Structures are given as structure tokens and as C-alpha cells.
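Single-letter residue listing:
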Amino acid sequence: MTANSGLRSTQWFGATGRSGMAHRSWMRSQGFTPEVFDGRPVIGIATTWSELAPCNVHLHRVAESVKRGVWQEGGFPLEFPAMALGETLLRPTAMLYRNLLAMEAEELMRANPLDGVVLLSGCDKTTPGLLMAAASVDLPAIMVTGGPMLNGKYRGTDVGSGTAVWRFEEDLVAGRMTQEECAFAEGCMARSNGHCMTMGTASTMASMAEALGMQLPYSASWPAVDARRYETAQRAGQVAVGLVRRDLRPSAIMTRAAFENAIRVNAAIGGSTNAVIHLLALAGRLGVPLTLDDFDVLARDVPTLLNLQPSGEYLMEDFCYAGGLPAVMRELAEHDLLNGDAITVTGAAIGANVADAPCWNREVIRAVAEPFQPAGTGTAVLRGNLAPGGAVIKQSASSPHLLKHRGRALVFDSPADYYAVSNDPDLDVDEDTVLVVRYCGPRGYPGMPEVSNVALPRKLLLRGVRDMVRICDGRMSGTAYGTVVLHVAPEAAAGGPLALVRTGDWITLDVPARTLTLEVSDEELAARRARWQPPAPHASRGWTRLYTEHVLQAGEGADLDFLVGASGHEVPRESH
């Protein structure tokens, strides 16, 4: 054995006496030869594989490719499991457990003989959760997302996972589609391994990881079943060993400049509003100064370049073949909308990585000079007496005629309350009504689920109405669309003004002015507040109690207050 004192792992495998003997002996029970303890970098492969997370079910195969790359580069790969968080099955929402994944993965990385890590993620919350963990440990790290599914195909047309669900639901309620047709369409939307192939949160966060410099170029868009997904994974294993040898850490990569790049890229691709919460939480782990208003300011000069569902027409497979994220970032760089000097896991600056990236299809990836949507159509941050802590709206997925709107509120304390009456032909609602659904925030549901884009009332769907203003303190899926005001803060369960709205109150939404106003006097709101009672706690024990007692509001990233920041990777005390 060669004791390389510069590596954490040698304090386990290079130790003398009983401690070193025990650590090496137990590892050799797996059939490893003594050569793996010669001082080579130990690379942990954090995989969120699970059959309970369909988007991540192929990650065990991705991990095998990563291992090949680590071995090739002279490292020692060791795979370990972390929580799988799929919005596909988890109730009440995977978001309730994002911080738990981040905490679990952080502790596993710190407690084990690891010199660097490869992060394998897929569905929505696994990507930010693992990035948050890596940021708090700050060991050399690289991310490999699992990739999108192949395009959905239904009756000769492309359909997008998630996005088509909302449309099919409306068509079913309005009588434009039968239940049998819906059942058949289910198998057409999701026809391969991988996460949603629309620009939902999974595709968005994969793109954010690449824009931040934590993924290899093109990693975000290779389909899950494409051989190049596995080539990328093998290359990532090689790069991980190099990161350890160069001591290039997440804190050196995910700088303020990198976050500015990610925010602008999110605007250019029409990315999910969920990226706002995840990037804020990630910045909080790194100590990078980032605020909710940065998302509005930095996105105002950025046009939407990507013609992708839910804002546009195409899907991730088309985006991949058109040139992927590097083609988008090259457009931004050539118009001074990218911090080109930001370093990436390749060891090169992001500007150099994308300088020669070609675009093969201008219908999918538009040029800045001829964008899909003009500058200023990205995520907007709203403030006002209804959202003093801020709220967001995805302009590219909204109806332009509703971005300035005044209407009477129709208020519900839960999505269930709304759906109990949404099919009532006598419901007092019209296309000008503002639907308010509350108690859906981090504390309120709990976990801030993707329920804000409630389906329109049946009586309006039958009349051909396809959109109306909805306001909620919860989230919506990145695959969704509509004029929906999200992440209202403070949330109703925390006593925010949303808790004080009554049916019949007038609400004014003015997205160009970035305001959300409840037209009720301060005196009346004070009187209502005096009578307001907070909801009963959701749990008396366990994770849910810990979460609801310590979770921050959406505008702060919805991390737990005691998890903000980092604890580093100091080697823990001896175990024997």
C-alpha cells in the first residue's frame, strides 16, 4: 500500500494497525484485490436508482458505465444508494423529501472513505437534492443525469409526458376524448426509460446542472436509451478522478457567475419555475449571494430560444438532435448573455466549451435575432400586498391576454375543496374569475406540491375557455402550462396575506408592472388577520414534523433553516 496523505480515503484504507486492517478486510469480502488500496482516488457513485422512481430505474446501468470510466482513469469506484425522489409516485410530493435526500447524501459522503463523487439523478428532486449535498460537503463532484425519454407518439403526433396529461384531462372533461382513448394514450406518453421529455423540471434541472458547469457538455439532452448517454457516463467517471487530482471542487465551479448563467439559460429554454426554488436552495448551501429578484432582473434581457413543450412544439429528443444546450449557450455567449469565464467540470471555461457548438435545426433552437419568444418572456417575479415575499409566473407558458387582469376571487383552502365543486354547472365562476387555491405551500400541504395549475371548471371548458388566472402558494409541474401565479410568499399556512383573501375580493395581476394586488384596505386585512387561526400541525413526529418546523419559504429556496451553509468534508473520528 502507498499512503497518499492528500486523499481522504487513505485515512481508512492506508491506516496501520487494527483500524486499517478492519477497513481493508471488510472491503476485500466483496472480492476486491489489495491493489485497490494503493492510494488511488476512491470515487463514490451516489445513485438514486429505484423501481419506485420510474424515471431513475435505469441508473444502475448508468452506474456501470461510470465505474468503467473510474477504473480506466486509475480510480476505485464504489456505488452507494441515496433516496430516489420521483414526482411520479411519491405523495404528498417529492419536494417534501428533497431536503432529506440532501441531508442523507451529505452525511454519506462525509462519513465514508470518498475522495470524490459522481451524482446520478433523474426525476425532478434528485438533481437539486444531490447538488445541495455535494455543495455542503464540497468534495470534487460531477453530475450525470439519466436523460429524457424518447418522444411520445400518439395517433401520428408527438406527445409530451406531463404536458399531454393536462391537455388530455381537459379534453376528457369537455367530452373531446373518451376514457378508453385516455387509457391508450397513457402508454404512448412514456415509452422508454428516462425522465419527462418535455422541458419539465427534470429536463430543466438537468440543463441547470450543465449550465452551472457540473455536467459534461450535452449531458442534459442525450436520451436515456441513447448509447451516448452511457458514453457520457463513462467519460464522467474518468473526469471524476481528474477532479480529485486537480482538487477542483463544487465551490469553485458553482460561483455567482455560474448561477447567473443558469438563470439566463433557464429563461432561454423556457425552463420550469421550480428551478427558482432549487437554485436558491443550492446557492444557500454555497454561500453564493442570490435572491428571488435576481431571476427577474437577469432574465429580462433574455429571449426564449427553445421551441419546446410546454411553451412550444418540440420535445427533448428534438432538442438533442438540434444541438442541445451548448447550442443555446453559444447563442447567449455571442450576445454577451453568458459569463464565459465560469469554470466547469471539464477544467475549461464554459465559453470555451460551447464556442463551436453547432445548431442543426433552427425550428427547435432559435437564434437570438429571431427568437421563439422575445426578451422578457421568462419567469417574472411579482410583488405586492398579496405576495410581500414574492411570487413567480412563467410568462412563456401563460396566455398573453391574461398577463394584465382584474377579477373577483373564488377561494379554496385546498385542491380537494376545489375539485369537489369544479364540475358543478352552477358554480359561480366565469373566465374573468381568479381562482385562489391556498394552504399548498412548504408548511401548508406539506411540501409545496405541484397542484397549482388546477384544471378549469367544467362549465368553462364546455364553453371553450382554455385558460384563466390561478393563484397559489404551491408549485406546478414544469411540464404544465397556463396563467398560474405560483410560490406566493409568505404562504397561507405561515399567515401570509393569501390566508386572508375571501371569495368576492378583487385581485389585480399586472405582470408587466410585476405586481399582484389584493384590493382590500389595510384596515380590513388587519381585522381579518386578528381572526385568522393557523392550521393544525400535519404531524407530531418524524420527518414531516421536522420539515414543517424548520422549512424556509419559497423565496428562500425552501431549504431547512439549519441546513443552509456547509459542513465540509473533514474526516470523522475513528469508528473502532
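Residues numbered from 1 in each chain as written. Predicted model: local features only at pLDDT ≥ 70, side-chain atom pairs only at ≥ 80, totals over all residues. Heavy atoms only, no water.

A.B. asks: Could you clarify how one ought to interpret the environment of alanine 322 in this entry?
C.D. replies: Structurally, alanine 322 can be placed in helix H14 (residues 316-322). Ignoring sequence-local partners within four residues, the contact set of alanine 322 consists of Pro358, Cys359, Trp360, Asn361, Val364 and Ile365. (Helix = DSSP H or I, 4+ residues; strand = E, 2+ residues; numbered from the N terminus. Contact = heavy atoms within 4.5 Å.)

A.B. asks: So what exactly am I meant to see when it comes to the pairing of strand E10 (residues 434-437) here?
C.D. replies: Both faces of the sheet carry side chains from a regular strand, because those side chains alternate between them. Across the two faces of E10 the burial is the same, with Val434 and Val436 and Leu435 and Val437 all buried. Two elements, strand E9 (residues 404-412) and E10, share 4 bridges in a ladder whose sense is parallel. Looking at the pairing, valine 411 lines up with valine 436 of E10. Across 3 bridges, the pairing between E10 and strand E11 (residues 470-472) is parallel. Among the inter-strand pairings, valine 436 is bridged to a residue of E11, identified as isoleucine 471. (Buried < 20%, exposed > 50% of the residue type's maximum accessible area, 1.4 Å probe, protein only. Pairing = 2+ DSSP bridges.)

A.B. asks: What is the right way to read the sheet that holds strand E4 (residues 141-145) from this model?
C.D. replies: Hydrogen bonds along the backbone pair up the strands of a sheet, which may run parallel or antiparallel. Judged by pairing direction, the sheet is parallel, and its 4 strands sit side by side in the order E2-E1-E3-E4 without closing on themselves. Each having just a single partner strand, strand E2 (76-81) and E4 make up the two edges of the open sheet. The sheet shows a mean angle of 20° between the axes of neighbouring strands, direction not considered. As paired strands, strand E1 (residues 42-47) and E2 are joined by 6 bridges and run parallel to one another. Paired with isoleucine 45 across the strands is glutamate 79, a residue of E2. Lying over the sheet, helix H9 (residues 227-246) contacts E1, strand E3 (116-121) and E4, oriented at roughly 170° with respect to E4. (Axes fitted to C-alpha atoms, helices over the stretch in contact; angles between N-to-C directions.)

A.B. asks: What should I look at first to understand empty space enclosed by the protein in this one?
C.D. replies: Over the atoms, a rolling probe the size of a water molecule traces out where space has been left empty. The final tally for this structure, using the stated rule, is 3 cavities of 30 Å³ or more. The volume enclosed by the largest cavity comes to roughly 90 Å³. Every residue lining the largest cavity is listed: Ile263, Asn266, Ala267, Gly270, Gly271, Phe295, Ala299, Thr377, Gly378, Thr379, Lys394 and Ser396. Of all the secondary-structure elements, those providing two or more residues to the lining of the largest cavity are helix H11 (256-269) and helix H13 (292-299). (1 Å grid on protein atoms, 1.4 Å probe; cavity = no way out; pocket = protein on both sides within 12 Å on 5 of 7 lines; lining within 4 Å. Points joined across faces, edges and corners; volume = space filled by probe spheres on them.)

A.B. asks: What exactly am I supposed to notice about the sheet that holds E9 here?
C.D. replies: With mixed pairing, 8 strands are arranged side by side in an open sheet as E7-E8-E12-E11-E10-E9-E13-E14. Edge positions in the sheet fall to strand E7 (379-382) and strand E14 (515-518), since each of these pairs with one other strand and no more. Taken pair by pair, the neighbouring strands of this sheet meet at an average axis angle of 25°, ignoring direction. Sheet strands in contact with H13 are E7 and strand E8 (390-394), and its direction is about 130° off that of E7.

A.B. asks: Please clarify how the packing of aromatic side chains should be interpreted in this entry.
C.D. replies: One pair of aromatic rings is described through two measures. These are the centre distance and the angle between the planes. Summed over all chains, the structure comprises 11 aromatic pairs. Summarising the aromatic geometry, the rings of phenylalanine 37 and phenylalanine 76 are spaced 6.4 Å apart at their centres and angled 80° between planes, so their arrangement reads as edge-to-face. With phenylalanine 37 in the loop between helix H2 (17-28) and E1 and phenylalanine 76 in strand E2, the pair connects residues that are 39 residues apart, well separated along the chain. Each member of the pair phenylalanine 37 and phenylalanine 76 is classed as buried. Each member of the aromatic cluster is reached from another via a ring pair, and the members are Phe13, Phe32, Phe37, Trp71 and Phe76. Here the guanidinium or amino end of arginine 406 rests over the ring plane of tryptophan 506, the centre of that ring lying 4.1 Å away. (Phe/Tyr/Trp six-rings, centres within 6.5 Å; stacked < 30°, edge-to-face > 60°. Lys NZ or Arg CZ within 6 Å of the ring centre and 35° of its normal.)

A.B. asks: Help me understand the packing of H11 against helix H12 (residues 274-286) in this model?
C.D. replies: Between two packed helices, the angle of one axis relative to the other and the distance separating the axes together describe the packing. Where H11 contacts H12, the axes come no closer than 12 Å and their chain directions differ by 175°. Classed by the angle they form, the pair H11 and H12 counts as roughly antiparallel. Taken together, the residues of H12 that come into contact with H11 (itself represented by Phe259, Ala262, Ile263 and Asn266) are Ala275, Leu279, Leu282, Ala283 and Leu286. When its residues are assigned to classes, the contact of H11 with H12 shows 8 nonpolar, 1 polar and no charged. (Parallel < 35°, antiparallel > 145°, perpendicular 65-115°, else oblique. Nonpolar A, V, L, I, M, F, W, Y, C, P; charged D, E, K, R; others polar.)

A.B. asks: Please explain H13 as it appears in this structure.
C.D. replies: Along an α-helix, residues three or four apart share an orientation, since each turn contains 3.6 residues. Counting buried residues along H13, 6 of its 8 residues qualify, which places the element largely inside the surrounding structure. Taken together, the buried positions of H13 are occupied by Leu292, Asp294, Phe295, Asp296, Leu298 and Ala299.

A.B. asks: Got a minute to help me understand the nonpolar core in this structure?
C.D. replies: Soluble globular proteins tend to bury their nonpolar side chains together. Leu119, Phe259 and Phe319 are the most contacted members of the largest nonpolar core, which has 128 residues in total. Sorting elements by how many residues they give to this core places H12 first, with 9 residues. Discounting residues that sit within four places of it in the chain, phenylalanine 319 has contacts with Met199, Ser221, Leu306, Leu308, Gly324, Leu325, Val328, Val364 and Ile365. By size, the runner-up hydrophobic cluster in this structure holds 31 residues, among which are Val434, Ala492, Ala499 and Leu509. (Core = buried A, V, L, I, M, F, W, Y, C linked by side-chain atoms within 4.5 Å.)

A.B. asks: Is there a simple way to think about unusual backbone geometry in this case?
C.D. replies: Only a minority of non-glycine residues have a phi that is not negative, and only a minority of peptide bonds are not trans. Here the residue pair arginine 91 and proline 92 is connected by a cis peptide bond, since its omega of 0° sits within 30 degrees of zero. Take proline 92: it is sitting in the loop between E2 and helix H4 (95-111). Omega for the bond connecting alanine 489 with proline 490 falls within 30 degrees of zero, at -5°, which places this linkage in the cis form. Position of proline 490 among the secondary structure elements: in the loop between strand E12 (484-489) and strand E13 (506-510). At tyrosine 439, a residue that is not glycine, the phi angle is positive and equals roughly 60°.

A.B. asks: How should I be thinking about the layout of surface pockets in this particular structure?
C.D. replies: In this model, the largest pocket occupies a volume close to 1100 Å³. Forming the boundary of the largest pocket are 42 residues, of which Glu87, Thr88, Val165, Trp166 and Glu450 lie nearest the centre. Those elements giving two or more residues to the lining of the largest pocket turn out to be helix H6 (163-174), helix H7 (179-189) and helix H8 (201-211). Among the residues making up the lining of the largest pocket, the classes are represented as 21 nonpolar, 15 polar and 6 charged.

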